[in-house]
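Notes for the structure review
Residue-level listing of the chains:
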Amino acid sequence: MSKITPQPGIMDIDLYEGGQTHVEGVSDVVKLSSNENPYGPSEAALEAYRRAGYDLHRYPSSDHAGLRKAIADVHGLDAERIVVGAGSDEIIAFLCQAYAGPGDEVIHTEHGFAMYRLSALAAGATPVEAPEQQRVTDVDAILAACTKRTKLVFVANPNNPTGTMIGGNEVARLAAGISEQAILVLDGAYAEYVEEYDGGAALVEARDNVVMTRTFSKLYGLGGLRVGWGYGPKEIMDVLNRVRGPFNVAGPSLAAAEAAVRDVAYAEKCRIDNARHRIWLSEALAGHGVPCDISMANFVLARFADRDEADACDRYLKSQGLIARKVAGYNLPNCLRITVGDESGCRRVAHAVGQFKGGAR
Ligand SMILES: *Cc1c(COP(=O)(O)O)cnc(C)c1O
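Residues numbered from 1 in each chain as written. Predicted model: local features only at pLDDT ≥ 70, side-chain atom pairs only at ≥ 80, totals over all residues. Heavy atoms only, no water.

The next subject is the pairing of strand E9 (residues 299-303). A large share of E9 lies buried, amounting to four of its five residues. Pairing between E9 and strand E12 (residues 335-339): five bridges, direction antiparallel. What sits directly across from Leu-301, in E12, is Arg-337. (Buried < 20%, exposed > 50% of the residue type's maximum accessible area, 1.4 Å probe, protein only. Helix = DSSP H or I, 4+ residues; strand = E, 2+ residues; numbered from the N terminus. Pairing = 2+ DSSP bridges.)

This is the structure:
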């Protein structure tokens, strides 16, 4: 046996499997497995990205001042308390690295986003799963899971892969009730899809134990560039800036994200289109006998009778060039997560599910 071994916890991490991108022998594929914006980023973001191509020999900004100011202007926040990361995944990793280690506990919900568990393990901490109530975050179950060792509590609101959301009073009750040495992390990856929702920013400002994370990968259509951000109390942001590498986000990524966040009209158009198509898709699926919970995000969680039926439908969708996401790894083996595409993507999915339920295999 080699004496070379990684830190405890690392080998408990399963290698991440991304959403599939093509199907053997099928052309005209629609990828609905990674919750991407079907329209891509705004023209302004593309233009800023192209212009950044002239400066590839330059190191990027290390304080991300331009992007932080744009985010602060648009969302009405304090730029000094924003930290930018290579995707919000990196902010999640910074939080675990800085606040949780061996012997510490990191709470996530039963069907919570996978990165919470993975980042906790990578930091040597112990992930703790709190049950949900019919695929909805259960504040009382999280409070019951809190101990003296709890350092972080991750809640995505809306959650991925369920799409469900809890209200502001419940979130505030959670923030007030967690252990005094713990930070509540509100993951707002889908906050932009919810009308009149600040992602938890007001709660961050009202308290000293709440951090909000956001991303450019979903509504802003910039998943390929890896940009996300966190907003929290100054003391916590100072800590994250110490573990953050000085050049953690690439120049073209910063430039495109800054233009994207300032293009408020495009973001609004994407939000409205998504809401319309999401309602249409949920109703069409329900009409074919496939119910979904009420989703507040850019995907729906389609529920089948059992795992066999979900797997068979996934295979049928693939044969039709439609790639959905299996979510057995999220304790939801009888479900498929389907990203809300453009109008034609939604029609194709609804049609294919109808054919499947009608006996096509
Ligand atoms: C997609 C997603 C993220 C993060 O994505 P990044 O691309 O790393 O910004 C974070 N949380 C949830 C719940 C997500 O679905």
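Looking now at the UniProt feature "modified residue: N6-(pyridoxal phosphate)lysine" (unreviewed entry) in the chain. UniProt's entry tags Lys-218 with the feature "modified residue: N6-(pyridoxal phosphate)lysine" (unreviewed entry), counted in the numbering of this structure. Secondary-structure assignment places Lys-218 in the loop between strand E7 (210-215) and strand E8 (228-231). Aside from chain neighbours lying at most four places away, what touches Lys-218 is Ser-34, Asn-35, Asn-37, Ala-189, Tyr-190 and Tyr-193. Side-chain polar atoms of Lys-218 contact the side chain of Tyr-190, separated by 3.2 Å. (UniProt positions renumbered as here; feature names shortened; annotations may be inferred. Contact = heavy atoms within 4.5 Å. Polar contact = N/O pair within 3.5 Å; in protein donor to acceptor, adjacent residues only side chain to side chain.)

What follows is about the domain arrangement of the chain. According to the domain assignment, the chain consists of domain 1 (10-31 + 265-357) and domain 2 (43-263). Of note, the centres of domain 1 and domain 2, computed from C-alpha atoms alone, are 25 Å apart. Of the residues lining the interface, 24 residues belong to domain 1; the matching set on domain 2 comes to 27 residues. Counting each side, the surface lost to burial between domain 1 and domain 2 is near 2400 Å², with a carbon and sulfur contribution of 62%. Inspection of the domain 1/domain 2 interface yields two salt bridges. Across the pair Asp-293 and Arg-135 runs a salt bridge whose closest N-O atoms are separated by 2.6 Å. When contributions to the side of domain 1 that touches domain 2 are tallied by element, the ones reaching two or more residues are helix H10 (264-287) and E9. With six residues, the top contributor of residues to the side of domain 1 that touches domain 2 is H10. Its residues placed into classes, the side of domain 1 that touches domain 2 shows 14 nonpolar, four polar and six charged. (Domains from an automatic or database assignment. Buried area = accessible area lost by both parts, 1.4 Å probe. Salt bridge = Lys/Arg side-chain N within 4 Å of Asp/Glu carboxyl O. Nonpolar A, V, L, I, M, F, W, Y, C, P; charged D, E, K, R; others polar.)

What follows covers the side chain of Thr-164. Along the chain, Thr-164 turns up in the loop between strand E5 (150-156) and helix H6 (168-177). Judged by relative accessible area, Thr-164 falls into the buried class, the value being 8%. One polar contact links Thr-164 to Thr-162, side chain to side chain, over a distance of 3.2 Å. When residues no more than four places from it in sequence are discounted, the contact partners of Thr-164 are Arg-135, Val-136, Asn-157, Pro-158, Asn-159, Asp-293 and Ile-294.

In this section: the packing of aromatic side chains. For the coordinates displayed, the defined rule picks out seven aromatic pairs. Judged by centre distance (5.6 Å) and plane angle (75°), the rings of Phe-113 and Tyr-116 are edge-to-face. Using a relative accessible area of 14% as the deciding quantity, one classes Phe-113 as buried. The class for Tyr-116 is buried, based on a relative accessible area of 1%. Ring centres of Tyr-190 and Phe-299 lie 5.2 Å apart, and the angle between their planes is 75°; on these two criteria the pair is classed as edge-to-face. Residue Tyr-190 is located in the loop between strand E6 (183-187) and helix H7 (201-206), and its partner Phe-299 is located in strand E9; the two are separated by 109 residues in the primary sequence. On the basis of relative accessibility, which here comes to 2%, the residue Tyr-190 falls in the buried class. Judged by its relative accessible area of 0%, Phe-299 falls in the buried class. An aromatic cluster is present here, built from Phe-113, Tyr-116 and Phe-154 joined pairwise through their rings. The ring of Phe-299 is capped by Arg-337, whose NZ or CZ atom sits 5.8 Å from the centre of that ring. (Phe/Tyr/Trp six-rings, centres within 6.5 Å; stacked < 30°, edge-to-face > 60°. Lys NZ or Arg CZ within 6 Å of the ring centre and 35° of its normal.)

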